[in-house]
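Chains, contacts and geometry: an overview
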Amino acid sequence: MSERSVVPIINSSFLVGKSNFRVTKKQVLFATLILFLGLIGVGGFWFTSRYKFSNQMPIKLTELSNAEYPENPAALSKNFQRYSKRKLTIIKKDDTHFDFVLEPTSQKTAKIVIKNVELNLLVPKVPAWTKKDPGLEVIALTDREWNRQQVSFPANSANIEITGGDGFEKQNLVEIALANNCLNAGYWEVLLFTKESNNKSLYYQGWFTFPMGHYKNVFEKNNNISYWKHWWRLEHWQDPSGTVVNTDLLRTVVNEKEVKTKFSPDEKVIAAGEQSRKVRTTLTKNLATWGDFYNNQNEVKFASFRPPGFYDSEKPWGNEYWRVGKFEKAILRNIKSVGSQRELQEIELLFSDTKTGEKNRFFISGVNLKQLPKLPVSEYPKGLYMPMGIGVPPFYQSYEELQKNHPDQSPYFSVLLDSNNKWIDHHHLAIDGPVMHLDKDNPNLLHLYLLSYERNTLVTHLLINLE
C-alpha cells in the first residue's frame, strides 16, 4: 500500500502528524500479517485434519434406512437394517495392508473383520507406460477414480473373521464387499450379503470416508509420484475433456478390417442383472427400444449418483447421446498391446454426432475376443462387463481375481475420442462402459452392448460378424 493512498485517510480522520502516520502504517502492515497468518492457520488446520492418519483410526459410518434411501437399487434382504448401528475401525498393518473392523454396538450383531487387504490394489495406480505421456496419465487416473471398484470376499475367506452376535451372521453371511465408489477419492462403502430363495441379498450397507492421509501415502507408494501432482482432480470432479489420447502409445496395430455390423433401432431394450434392478433410477418413461434413447434424448434422465455413494432422483442426470447418435461402422483390429506379449483384438465403433456431424470413435481394446464367454443374450452380464478407462479393474470382482490380475498391468483400455483424438467425457455423455460376449450358437458373432450412466440400462446392442 503506498503513502499516497494512506495519507489523506489518516489526516482526514485523525489530523495526525508525520510520526503518527508511520505508526499507522505499521499497524496496517501488522494487521495484514495477522490476517495472512490466520489464513495460513486455517489452511494448516484443514490440511492437518483432512490428511491426519494413525495406525488405528475410528471411522464414522453412515447408514441409511429404506425411508431415507428409497432409490436403493440393491436386492434387499428381509433382514435389512436388523444388524445396523455398527462402528468401523481401520488398522494399518504395513505400508499397503489394512484391516477393516466392523464393531457391533449390540449383542445380537457380530464383529466382522476384513483382514490384510492390499490397499495398493484399490487405490489408483497408473500403468507404467502411461507415465510417458501426460494425457494418458491424466485419463488413466481420472477414470480409475471415477469408476466403481467393488471387491468381494466369500464369508469363508482367509481374509474374513466373524465372531459373536446372535448366530445369524456367522451362519448366513455369504459375502462381504468393499467398494471404492465412482466418485471423488475417499468415498467408500462396505456391504454384507446373505442368501434368500437362492438369491444374494443385501442386509447391511455402510458408507465411510477412507482416511485421506493413508490414501495419499498408498497412492505415492503405488505411483512413485507426488500425490499433490494430481490431488485436485482425484478429490474434485475435474473434467479433462479435450485431453489428447495417443492410442499408438497403448498398442501397435498389426492389421485391421471393417466388419459387418447390425444395429436395429427398433429392437426392444434388454435388461438383466443390475439393469433389471435399476428401473427406479432410470427416470424416463417409455424407453422401449434402442432408438428411444437417441430420438428422445432430452427426455432421457437418470438419478444422479452423489456423495457419499447413493442415487438421488431429485437431481436428474442428463445425457449427450447425440454424440453417438448415428452408428456408422465397426473396425476390427489385431493388435500388440504394450501391456501384453500376446496378439489381442480391438474394436473401434465409429459414430456421427447428429448435432455437429463430428465423427467420434469408441475404442474397446486389449481383449482376446476368442476367449469371451459364449452366452445367450439374456445372460449378457456374465460377459466382459467393464468400465471405460486405461488400466481399470472390472466394476465387480472377487478379491482373489484382483490379486491375480493387477489393473495397472492390464492391456485393456476403452476411450471415446473425437476426430482429433481428444477425450470425450463419457460420464456427461452418460455411458459407463462396454459389455461383450460371443453368441451362444455362433462363435463368430460378437454381441456388443453399451452401458448407460451408472449402468442403469443398456443403450445399444450391436451384432458384429468377426469372420
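Anything mentioned here points back to the structure above.
The structure displayed is predicted, hence computed values, not measured ones. (Residues numbered from 1 in each chain as written. Predicted model: local features only at pLDDT ≥ 70, side-chain atom pairs only at ≥ 80, totals over all residues. Heavy atoms only, no water.)

**A few points about the sheet that holds strand E1 (residues 56-59)**
- In spatial order, the strands read E1-E2-E3-E4-E6; together these five strands make up an open sheet with antiparallel pairing. Looking along the sheet, the strands with just one partner apiece sit at the ends: E1 and strand E6 (160-163). Across the sheet, the mean angle from the axis of one strand to that of its neighbour is 15 degrees, orientation sign disregarded.
- With four bridges connecting them, E1 and strand E2 (residues 87-92) associate as antiparallel partners. Note that in E2 the partner of Pro58 across the bridge is Thr89. (Pairing = 2+ DSSP bridges. Helix = DSSP H or I, 4+ residues; strand = E, 2+ residues; numbered from the N terminus. Axes fitted to C-alpha atoms, helices over the stretch in contact; angles between N-to-C directions.)

**Notes on the pattern of salt bridges**
- Applying the stated criterion across every chain, the model contains 26 salt bridges.
- For Asp95, the salt bridge goes to Lys221, with nearest N and O atoms at 3.9 Å. Placement of Asp95 in the loop between E2 and strand E3 (97-103) and of Lys221 in helix H5 (residues 212-223) is noted, with a sequence separation of 126 residues between them.
- According to the relative accessible area criterion, Lys221 is exposed, its value standing at 51%.
- The partner of Asp312 in a salt bridge is Arg306, and the shortest N-O contact between them spans 2.7 Å.
- Taking the relative accessible area as the measure of exposure, Asp312 reaches 9% and is therefore buried.
- Salt bridges linked by common partners bring Asp248, Arg251, Glu256, Arg333, Glu346, Glu348 and Arg361 together as one network. (Salt bridge = Lys/Arg side-chain N within 4 Å of Asp/Glu carboxyl O. Buried < 20%, exposed > 50% of the residue type's maximum accessible area, 1.4 Å probe, protein only.)

**Focus: the nonpolar core**
- Within the largest apolar cluster, 59 residues are counted, with the highest numbers of intra-cluster contacts made by Phe100, Ile112, Ile114, Val117, Leu119, Val190 and Phe208.
- Among the elements that make up this core, the one with the highest residue count is helix H3 (residues 134-146) (five residues).
- Filtering out sequence-adjacent residues up to four positions away, Ile112 remains in contact with Arg86, Phe100, Val101, Leu102, Glu161, Ile162, Glu169, Leu173, Ile176, Leu192 and Tyr203.
- Among the nonpolar cores identified, the runner-up in size contains 58 residues, and Val300, Phe327, Leu450 and Ile464 belong to it. (Core = buried A, V, L, I, M, F, W, Y, C linked by side-chain atoms within 4.5 Å. Contact = heavy atoms within 4.5 Å.)

**Considerations on the packing of aromatic side chains**
- Enumeration over the complete set of coordinates arrives at 30 aromatic pairs.
- Arranged with centres 5.5 Å apart and planes meeting at 80 degrees, the rings of Phe219 and Tyr227 form a pair that is edge-to-face. In this pair, the class of Phe219 matches that of Tyr227, namely buried.
- One aromatic cluster in this structure is built from Tyr51, Tyr215, Phe219, Tyr227, Trp228, Trp231 and Trp232. (Phe/Tyr/Trp six-rings, centres within 6.5 Å; stacked < 30°, edge-to-face > 60°.)

**Regarding the sheet that holds strand E15 (residues 343-352)**
- Taken together, six strands build an open sheet; the order of strands is E10-E14-E15-E16-E21-E19 and the sheet is antiparallel. Unpaired on one side and paired on the other, strand E10 (251-259) and strand E19 (389-390) mark the two borders of the sheet.
- Where E15 meets strand E16 (residues 359-367), eight bridges bridge the pair, whose relative direction is antiparallel. Bridged to Glu348 within E16 is Phe363.

**Examining the pairing of strand E23 (residues 445-452)**
- Most of E23 is tucked away: eight of the eight residues are buried.
- Examined bridge by bridge, strand E22 (residues 431-439) and E23 share seven bridges and lie antiparallel to one another. The partner of Leu438 across the bridge, within E23, is Leu446.
- Pairing analysis gives seven bridges linking E23 to strand E24 (residues 458-465), with the strands arranged antiparallel. Considered in E24, the bridge of Leu445 is made with Asn465.
- Hairpin connection between E23 and E24: a loop of five residues separates the two successive antiparallel strands, and Glu454 in this loop has a positive phi of roughly 55 degrees.

**A closer look at a positive patch on the surface**
- A cluster of basic side chains, namely Lys78, Arg82, Lys85 and Lys108, defines a positive patch on the protein surface.
- The residue Lys78 is located in the loop between E1 and E2 in this model. (Patch = residues over 30% accessible without salt bridge, like charges linked within 9 Å, V, L, I, M, F, W, Y side chains within 5 Å. Areas by Shrake-Rupley, 256 points an atom, 1.4 Å probe, with all protein chains shown as cover. Lys, Arg positive; Asp, Glu negative; His and termini not counted. Charge placed at Lys NZ, Arg CZ, Asp CG, Glu CD.)

**Points about the side chain of Gln149**
- Within the secondary structure layout, Gln149 lies in strand E5 (residues 149-154).
- Here the side chain of Gln149 touches Arg144 through a polar contact of 2.9 Å, side chain to side chain.
- Setting aside residues no more than four positions away along its own chain, Gln149 makes contact with Leu121, Leu122, Arg144, Leu178, Ala179, Asn180, Pro393, Pro394, Phe395 and Leu402. (Polar contact = N/O pair within 3.5 Å; in protein donor to acceptor, adjacent residues only side chain to side chain.)

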